[in-house]
Amino acid sequence: MPLVKIVLEGAIAGLAFASGDNFVVGLWDSGPLGPMTDVMWARPDGSRVLLAPDEDVAAFVAGTYSFDETRVVPIRAARSREGFSVTAGDVHLDADAGRAHPLFAARPRPLRRWLPWVRFEDAVLRRLVGRFVVGGAEGVRMHGTTPSGAREWYRIDGYRTIVAARGEVAGADLGALTELRPDPGFGFSGFPSRPALVSCSPVIDRPPG
């Protein structure tokens, strides 16, 4: 059966709080469903929750990644040069990002968007960049196969550390910004332990449907 190629453009943010709540937020400017925002939430007990704005987004994201629970909730999101803000049901997140790291933008766009180069970065450069440039990303993968069997390439355009953030769930403050826990198992790779906002364009090859 031929695979369907899916391309998204936007950003992924990863952040965590002293409460033990970890979040990976997809802030997508374009994709097969148009602009959309989704929130992957690893709760302190380890359970994985997907927050999606409608059934189509829920089916698309849950068809690629793994969750214990999916909730369709109203989602509002805004991005600016300073960072982003997201409200997804009872979850509210505000984050401020620092300056863009010059190394990522220094790679020519045609090169960083070329899938063989993404595989080279994943196989050869990932551990060096993950340890000495990004920090806490030595084991993070840029290419792999998701639990659903989809092949995915993360084409990274830019990287900004999150320098300040605030989180609430049902009005309860989540505490100080902290490093993310080890991979919660959403996909084939976790997010770097250091909170960050990453500009990227994932390519996903997955079975139709």
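Up top is the structure these notes are about.
The residue count restarts for each chain, going from 1 along the sequence in the order it is written. The model is predicted, so local features are restricted to residues of pLDDT at least 70 and side-chain atom pairs to those at 80 or more, both for listing and for counting; the totals for chains, interfaces and linings are taken over all residues. As a rule here, side-chain values cover all heavy atoms of the structure and leave hydrogens and water aside.

A few words now on the overall build of the chain. Helix numbers and strand numbers start at the N terminus; a helix is a DSSP run of H or I with at least 4 residues, a strand a run of E with at least 2. Secondary structure summary: the chain contains four helices and 14 strands in total. C-alpha extents for the chain along the principal axes are approximately 45 × 40 × 30 Å. Using a 1.4 Å probe on the protein chains alone, a residue whose accessible area is under 20% of its type maximum counts as buried, one over 50% counts as exposed, and one in between counts as partly exposed. In the chain, which comprises 209 residues, the share counted as buried stands at 50%. Taken as a whole, the chain presents about 9800 Å² of accessible surface, with 56% of it coming from carbon and sulfur. Charge separation in the chain, taken as the distance between the mean sites of 24 positive and 24 negative side-chain charges, equals 8 Å. Throughout, the Shrake-Rupley method with a 1.4 Å probe supplies accessible areas, and for residues the shown protein chains are the sole cover considered. Asp and Glu count as negative and Lys and Arg as positive, but His and the ends of the chain are not part of the count. Think of each charge as sitting on NZ of Lys, CZ of Arg, CG of Asp or CD of Glu.

Let us look at the pattern of salt bridges. A pair is scored as a salt bridge if a Lys or Arg side-chain nitrogen falls within 4 Å of a carboxyl oxygen belonging to Asp or Glu. All chains considered together, the criterion is met by 13 salt bridges. A salt bridge links D122 to R141; its shortest N-O distance comes to 2.5 Å. Taken as a pair, D122 in helix 4 (residues 115-134) and R141 in the loop between helix 4 and strand 10 (143-145) lie far apart in primary sequence, 19 residues in all. Under the relative-accessibility criterion, D122 is labelled buried at 3%. Judged by its relative accessible area of 32%, R141 falls in the partly exposed class. Here the salt bridges do not stand alone but share partners, grouping E9, R112, R113 and D157 into one network.

Between 30 and 60 degrees the pair is tilted, below 30 it is stacked and above 60 it is edge-to-face, where a pair is any two Phe, Tyr or Trp rings, Trp via its six-membered ring, whose centres lie within 6.5 Å. Considering all chains together, one arrives at six aromatic pairs under this definition. When the ring of F17 is compared with that of F23, the centres are 6.2 Å apart and the planes differ by 70°; the resulting orientation is edge-to-face. The two residues F17 and F23 agree in class, both being buried. By the ring-pair criterion, three or more aromatic residues cluster together here, those being F17, F23 and W41.

With that settled, consider unusual backbone geometry. Leaving glycine aside, a negative phi is the common case for residues, and trans is the common case for peptide bonds. Within the chain, A170 stands out as a residue other than glycine whose phi angle is a positive 55°. By the secondary structure assignment, A170 is in the loop between strand 11 (151-169) and strand 12 (172-173).

Here we come to the side chain of R48. Along the chain, the position of R48 falls in strand 5 (residues 48-52). The criterion used for residue contact is that any of the two residues' heavy atoms lie within 4.5 Å. Apart from residues lying up to four places away in sequence, R48 is in contact with W41, S66, F67, D68, E69, P184, G185 and F186.

Along the chain, S80 turns up in the loop between strand 7 (75-79) and strand 8 (83-88). Taking the C-alpha atoms as reference points, S80 and A97, 17 residues apart in sequence, are found 9.7 Å from one another. Whenever two N or O atoms come within 3.5 Å, that pair is a polar contact, provided that in protein one can donate a hydrogen and the other can accept it, and provided that, for residues adjacent in sequence, both atoms are side-chain atoms. Within the local environment of S80, its side chain forms a polar contact with the side chain of E82, the two groups lying 3.1 Å apart.

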